[in-house]
Amino acid sequence: VQLQASGGGLVQAGGSLRLSCVVSGRTFSNYVMGWFRQAPGKEREFVAAINWSGGITKYGDSVKGRFTISRDNAKNAVYLQMNSLKPEDTAVYYCAVKGERSYYYITQDVGEYDYWGQGTLVTVSS
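Engineer: Please explain the environment of aspartate 72 as it appears in this structure.
Structural biologist: Note that aspartate 72 resides in strand β7 (residues 67-72). We classify aspartate 72 as partly exposed; its relative accessible area is 25%. The spatial distance from the C-alpha of aspartate 72 to the C-alpha of glycine 54 is 8.6 Å, given a sequence separation of 18 residues. When near neighbours in sequence (up to four residues on either side) are disregarded, aspartate 72 contacts Ala77 and Tyr79.

In structure tokens:
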């Protein structure tokens, strides 16, 4: 199983980026998928997650109202639209898929996600 994240880059504060994550090797259409981020010297932080149908989403407090998560099960992909970016959003962003024991409901716990992408760097300049 491989999760390939892309779309990161350098953007000015107030700008937008769209991250993509495509999964290969297995279909996860029934699994919760999510995004986390990790800034230098900090722990990995929950950003957003989405249930299998896309009908339920959850966001970290710091990104609510600015980020939108979505998915396309036909493409085995999850996306993160990031608007009104701030310098404090600078981090490596990781896509992830819930583990087998709890694949169907959203949690923010890093430890409950078993499959991870390699990360894509987002840098927001002030």
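Alright, that's what it looks like, and here's the rest.
Engineer: Can you walk me through the nonpolar core in this structure?
Structural biologist: Ranked by internal contacts, the top residues of the largest apolar core, which has 29 residues, are Trp35, Leu80, Met82 and Tyr93. Setting aside its immediate chain neighbours within four residues, leucine 80 contacts Leu17, Arg18, Leu19, Trp35, Val47, Ala48, Phe67, Thr68, Ile69 and Tyr93. One finds Ala49, Ala96, Ile106 and Tyr113 within the second-largest nonpolar core, a separate group that totals 7 residues.

Engineer: Whenever I open this one, the packing of aromatic side chains confuses me. Can you help?
Structural biologist: Any aromatic ring pair is given by two values, namely how distant the centres are and how the planes are angled relative to each other. By the definition in use, this model includes 10 aromatic pairs. With a centroid separation of 6.5 Å and an interplanar angle of 80°, the aromatic rings of tyrosine 94 and tryptophan 116 are classed as edge-to-face. With tyrosine 94 in strand β9 (residues 91-98) and tryptophan 116 in strand β10 (residues 113-116), this pair connects stretches of sequence that are 22 residues apart. For tyrosine 94, a relative accessible area of 14% gives the class buried. Of the residues examined, tryptophan 116 reaches a relative accessible area of 26% and is grouped as partly exposed. For the ring pair tyrosine 103 and tyrosine 104, a centre distance of 5.3 Å and an interplane angle of 80° mean the geometry is edge-to-face. In textbook terms, an aromatic cluster arises when at least three aromatic residues are bridged by ring pairs, as seen for Phe28, Tyr31, Tyr103, Tyr104, Tyr105 and Tyr115. Over the aromatic face of tyrosine 79 sits the side chain of arginine 18, whose NZ or CZ is 4.2 Å from the ring centroid. Above the plane of the ring of tyrosine 113 lies lysine 98, whose end atom (NZ or CZ) is 5.6 Å from the centre.

Engineer: Is there a simple way to explain the pairing of strand β3 (residues 17-24) in this structure?
Structural biologist: The side chains of a regular strand alternate, residue by residue, between the two faces of the sheet. Taken together, the 5 bridges between strand β1 (residues 2-6) and β3 define a ladder with antiparallel strand orientation. Counted as the bridge partner of leucine 3 is valine 23 from β3. Of the strand pairs in this sheet, β3 and strand β8 (residues 77-82) are connected by 6 bridges, and their pairing is antiparallel. When the sheet's bridge partners are listed, leucine 19 is paired in β8 with leucine 80.

The rules we used
Residues numbered from 1 in each chain as written. Predicted model: local features only at pLDDT ≥ 70, side-chain atom pairs only at ≥ 80, totals over all residues. Heavy atoms only, no water. Helix = DSSP H or I, 4+ residues; strand = E, 2+ residues; numbered from the N terminus. Buried < 20%, exposed > 50% of the residue type's maximum accessible area, 1.4 Å probe, protein only. Contact = heavy atoms within 4.5 Å. Core = buried A, V, L, I, M, F, W, Y, C linked by side-chain atoms within 4.5 Å. Phe/Tyr/Trp six-rings, centres within 6.5 Å; stacked < 30°, edge-to-face > 60°. Lys NZ or Arg CZ within 6 Å of the ring centre and 35° of its normal. Pairing = 2+ DSSP bridges.

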